[in-house]
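# A structural walkthrough
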Amino acid sequence: MNNKTLLFCLPAILGAPLFGAHASGKETPEDDGEKTGRPNVLFLLTDDQTFNTIRALGNTEIHTPNMDRLVRRGVAFTQTHVMGGLNGAVSQPSRAMLLTGRGLMDVHRNGGFIPQAEKTFPEVFRENGYTTFATGKWHSDNASFNRSFSTGANIFFGGMHPYGRNNELGHRRPYLHQYDPAGDYNDRNGAWADASPETFSSKLYADAAIGFLEAETSSGDPFLMYVAFTSPHDPRNVLPGYGRKYASAELSMPANFVPQHPFDNGDLNERDEKLLPTPRVPE
C-alpha cells in the first residue's frame, strides 16, 4: 500500500483493546491519501482473546510477535473493559457496541440486530466514498452487514464454528459465504471450507484480506478493511505441529483458577461449563 494507512487492532472482545495508528510505505502527491487526506483503514479483531495474553504487555510465556509490533508502533489501552451482555454470547453485544458506538442497554436483541437507523462505522465510511471490505465473523443481522460493506470474502455469519469429531469441523473447516450484493446469505448457499492439513479459519480470513489488498493496489478509492478473526474462540482446534513451542510444565496457572464456581449463581451449566468436565483440573 503506497498511501497512508490507519490501523486499528482490537485483540480481545473480553479484555483490553489495543489500537494503533501507523503510516506506512512510500508517500507521494499522487497517492490517494495525499490527495484526499483520507487514509485507508485496517481494522483487526480477535475473538475472545483475553487482554493478558500479549507478550509486549507483560506476558512472558506466550509468543505474540505481530501484536507486539502493533503495541510498539502504536498505542495500547490497558484499562478498557467489556460491559457484559444479556445472554451467554458476550461477544455479540460487544461487537454491536463497537460497530455503532452505543451502550449495552441501547443495542438490540443483545446485539444480534442493528436497525437501519443506527449506522455502523463501516457504513459511515462507505457513505463517504470508501470501499468497505469484510472477512471473518459477523454476529449481527445480514442486512446490517450489507449496509456496512460493499464487498467481502470468506464471511462467517454466527457466533462460533461448530464442533465435530476428530477436529474435522470448527476452525479446521468453517462454513463460509462469499459477498452477495443482494444480501442473500443462508445455511444453504454457503460452503464448507475445503478440508486439508493446513486449513484453519485465521488463514482463510488472512488470505481473503491479502487478496483484497492485492486487488486494490490500483484503485483510486480509499478503503476500510474489517478483518474479524474467529480465533482463539473455541472450538480449540490447532494445526498439526502448532503449539510445540509450549511445554505445559513451563506454563503458569492463572492466578484466579478455581476447580469450579464457588457458589450457585443460578446458571452453572451453560455452554462454557460443558466444554470440559467439572471440577476442572490444572492439567
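Just so it is clear, the model here is predicted, and its values are computed rather than measured.

## Description of the pattern of salt bridges
Between side chains of opposite charge, a pair can form when the charged atoms approach closely. Overall, the coordinates contain seven salt bridges when judged by the stated rule. Measuring nitrogen to oxygen at the nearest pair gives 2.7 Å for the salt bridge that ties Glu127 to Lys119. On the accessibility criterion, Glu127 (48% relative accessible area) is partly exposed. Overall, the relative accessible area of 40% leaves Lys119 in the partly exposed class. A salt bridge links Asp187 to Arg188; the nearest nitrogen and oxygen atoms lie 3.4 Å apart. Exposure class is identical for Asp187 and Arg188. Each is exposed. Overlapping salt bridges bring together Asp47, Arg95 and Lys137 as one network.

## Topic: the environment of Tyr205
Here Tyr205 is to be found in helix H6 (residues 201-216). Tyr205 gets classed as buried once you look at its relative accessible area, which sits at 0%. Once you skip the residues sitting within four places of it in the chain, Tyr205 turns out to touch Thr135, Gly136, Asn154, Phe156, His161, Pro174, Leu176, Ala228, Phe229 and Thr230.

Thresholds applied
Residues numbered from 1 in each chain as written. Predicted model: local features only at pLDDT ≥ 70, side-chain atom pairs only at ≥ 80, totals over all residues. Heavy atoms only, no water. Salt bridge = Lys/Arg side-chain N within 4 Å of Asp/Glu carboxyl O. Buried < 20%, exposed > 50% of the residue type's maximum accessible area, 1.4 Å probe, protein only. Helix = DSSP H or I, 4+ residues; strand = E, 2+ residues; numbered from the N terminus. Contact = heavy atoms within 4.5 Å.

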